[in-house]
Amino acid sequence: MNILVIGSGAREHVYFHKLLNSKTDVSLFSINPNAAISSISKALYFDFNFQNLKQAIINNSINLVLVGPEIPLIDGVYDFIKSDYEIGNTIVIGPSKNGAMLEGSKDFAKNFMSKYNIPTAQSKSFTKESISEGINYLKNKKGPYVLKADGPAAGKGVVIVDKFDEAKIVLEDMLLNNSFGKSSETVVIEEFLSGIEMSCFVLFDGKNCLTLPYAKDYKRISEGDVGLNTGGMGSISPVSFMDDEMHNKIEERIIKPTVNGLINEGIEYKGFIFIGLINVNGNPYVIEYNVRMGDPETQVVLPRIKNDFLEILLAIENQNLDQLELEINPNHYANVVLASKGYPESYNKGFVIKGIENIINSTVFHAGTLLKDNNVLTNGGRVMSVVSSADNFKEALKQSYESIGLIEFEGKIYRKDIGFDL
Ligand code: AMP
Ligand code: GLY
């Protein structure tokens with residue numbers, strides 16, 4: 001079977017790794033891959049757009065496309081492939097454009113949750129035309145104020161400030177100065193929720209769903225969870241404070257109404273649902289939906305799944321997830337992300353990475369790396385994920401930190417406190 005994975009970060013490196021270990025004979029194809037993915041797949045190089053993607057699917061007789069990141073889904077890659085008479089038979093793992101609205105528009109997601117009584121922060125949306133109502137809305141609330149750009153913003157579209165004056169400036173910047181481009185033409189103002197966050201992943205085949213192990217990620221750049229938001233600096237699975245009672249509340253109040261809502265809306269959806277949750281005094285609330293797996297959570301979630309990954313993807317396609325039983329490795333997995341100094345703002349790249357070959361107690365998943373003249377070079381903000389497992393998360397973290405000591409590159413940064421709150 002010929003499989004093309006869209007995306008070339010550490011999440012996608014895990015996908016390739018899992019697919020290589022499938023019982024089925026597979027040929028794997030990547031697009032503009034990082035160093036590790038280029039060595040385990042057939043690398044295709046082209047500017048990513050749908051027409052070029054179609055050519056790649058035809059030229060390489062691709063049977064299945066697995067979509068890693070959200071932007072192609074939000075842009076409608078599922079609908080593009082499915083509606084094309086030449087490539088319409090290709091299996092696509094990922095939702096239709098309508099389904100991807102759950103991530104592509106926070107306003108859409110809020111209306112969906114409101115319609116299906118899914119617990120989430122109270123909110124109201126505003127545009128340039130209703131900015132004075134927005135300012136009044138802020139005036140009548142107490143801080144902290146949560147302002148969200150409606151559209152995709154690479155995890156940076158949420159601004160939280162304490163004072164009304166600051167909130168008013170942020171609102172004006174978003175609506176009048178388009179501080180997040182088109183994405184902030186609509187702004188969602190939300191009630192501030194206080195609690196501990198976690199990530200929930202659901203496989204959905206359009207009829208049946210299956211919940212994957214929970215994970216926790218560490219989004220801020222600096223220790224103690226302060227500083228700028230990043231794509232994620234580390235992750236842990238399982239989550240120590242998750243118990244059956246919490247899991248049941250999440251299933252009943254959030255997962256079931258979400259999938260029933262998607263079915264009721266007639267939305268085509270065969271893929272992953274990633275629900276960002278916050279535990280407020282023992283009750284789960286949805287912070288956000290994503291329509292793909294999380295990065296860096298995938299690096300600790302998928303290695304725990306013993307099932308053949310391709311069989312899982314085919315169960316999603318064939319709508320028989322109800323017949324699949326997940327086998328979960330009970331070990332604890334910890335991931336520490338190595339990044340480039342300056343990330344998530346500007347950073348330099350092109351530095352030689354040394355020492356990966358000396359690592360024996362961890363698995364390294366590459367993100368921003370590039371193979372050039374037999375050297376592995378840094379090529380992005382997040383450079384790699386260092387993943388270890390043990391029978392408790394502290395031991396797993398210890399192994400990852402020891403492995404990190406063996407990896408050298410100029411400007412190597414990482415958080416030394418992953419798991420501090422568990
Ligand atoms: P999002 O991009 O929606 O996941 O938001 C990014 C981060 O902002 C989340 O991981 C939370 O830490 C924080 N956040 C978002 N919404 C809220 C809220 N209503 N209350 C408190 N924190 C929030
Ligand atoms: N880890 C958060 C994300 O993938 O969006």
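This structure is a prediction, so every number in the text was calculated from the model and none was measured.

Bringing the sheet that holds strand S8 (residues 158–161) into the picture now. Backbone hydrogen bonds hold the strands of a sheet together, and the pairing may be parallel or antiparallel. Pairing within the open sheet is antiparallel, and its 4 strands lie in the order S6-S9-S7-S8. Looking at strand neighbours, the two that pair on one side only are strand S6 (123–127) and S8, the edges of this open sheet. Going from strand to strand, the sheet's axes swing by 25° on average, the running direction of each strand aside. As paired elements, S6 and strand S9 (residues 186–190) share 5 bridges and run antiparallel to each other. Of the residues in S9, the one forming a bridge with Ser 125 is Val 188. Contacting S6, strand S7 (145–149), S8 and S9, helix H7 (residues 106–115) crosses the sheet at an angle of about 50° to S9. On the sheet, helix H9 (residues 164–176) packs against S6, S7, S8 and S9 and is oriented at approximately 5° with respect to S7.

Burial along strand S15 (residues 234–237) is two-sided: the face carrying Gly 234 and Ile 236 and the face carrying Ser 235 and Ser 237 are both buried. Alignment of S15 against strand S18 (residues 332–340), held across 4 bridges, turns out to be antiparallel. Paired with Gly 234 across the two strands is Val 336, which belongs to S18.

Right, let's get into the site of ligand 2. Within the structure, ligand 2 sits among Asp 217, Gly 231, Phe 274, Arg 292, Gly 294, Asp 295, Pro 296 and Glu 297. Taking Asp 217, its side chain carries an N or O atom lying 2.8 Å from a nitrogen atom of ligand 2. Take Asp 295: an N or O atom from its main chain is 3.0 Å from an oxygen atom of ligand 2. Protein coverage of the free-state accessible area of ligand 2, which is 200 Å², stands at 89%. Looking at the shell around ligand 2 residue by residue, the class counts come to 2 nonpolar, 2 polar and 4 charged.

So, how was this worked out
The residue numbering used here restarts from 1 in each chain and proceeds along that chain's sequence as written. Chain letters and ligand numbers both follow the written order, the letters beginning at A and the numbers at 1. This being a predicted model, a pLDDT of at least 70 is required before a residue's local features are given, and a value of 80 or more before pairs of side-chain atoms are given or counted; all residues contribute to the totals for chains, interfaces and linings. Each side-chain value is derived from all of the structure's non-hydrogen atoms; neither hydrogens nor water enter the calculation. Any two strands with at least two DSSP-identified bridges between them are counted as paired. What counts as a helix is a DSSP run of H or I of at least four residues, what counts as a strand is a run of E of at least two, and both are numbered from the N terminus. Every axis corresponds to a line fitted to the C-alpha atoms, with the helix fit spanning only the stretch in contact, and the corresponding angles, defined between N-to-C directions, vary from 0 to 180 degrees. Contact between two residues is taken to exist if any of their heavy atoms lie within 4.5 Å; hydrogens are not considered. Exposed residues in this analysis have more than 50% of their type's maximum accessible area, buried residues have under 20%, and partly exposed residues fall in between, with area computed by a 1.4 Å probe over protein chains only. Nearness is defined per residue: one heavy atom within 4 Å of the molecule or strand is enough. A 3.5 Å cut-off defines polar contacts: any pair of N or O atoms within that distance qualifies, except that in protein one atom must be a possible hydrogen donor and the other a possible acceptor, and neighbouring residues in sequence count only when both atoms are side-chain atoms. Computed with a 1.4 Å probe, the accessible areas rest on the Shrake-Rupley method; for each residue, only the protein chains presented here act as cover. Residues are grouped as follows: Ala, Val, Leu, Ile, Met, Phe, Trp, Tyr, Cys and Pro are nonpolar; Asp, Glu, Lys and Arg are charged; all remaining types, including Gly, are polar.

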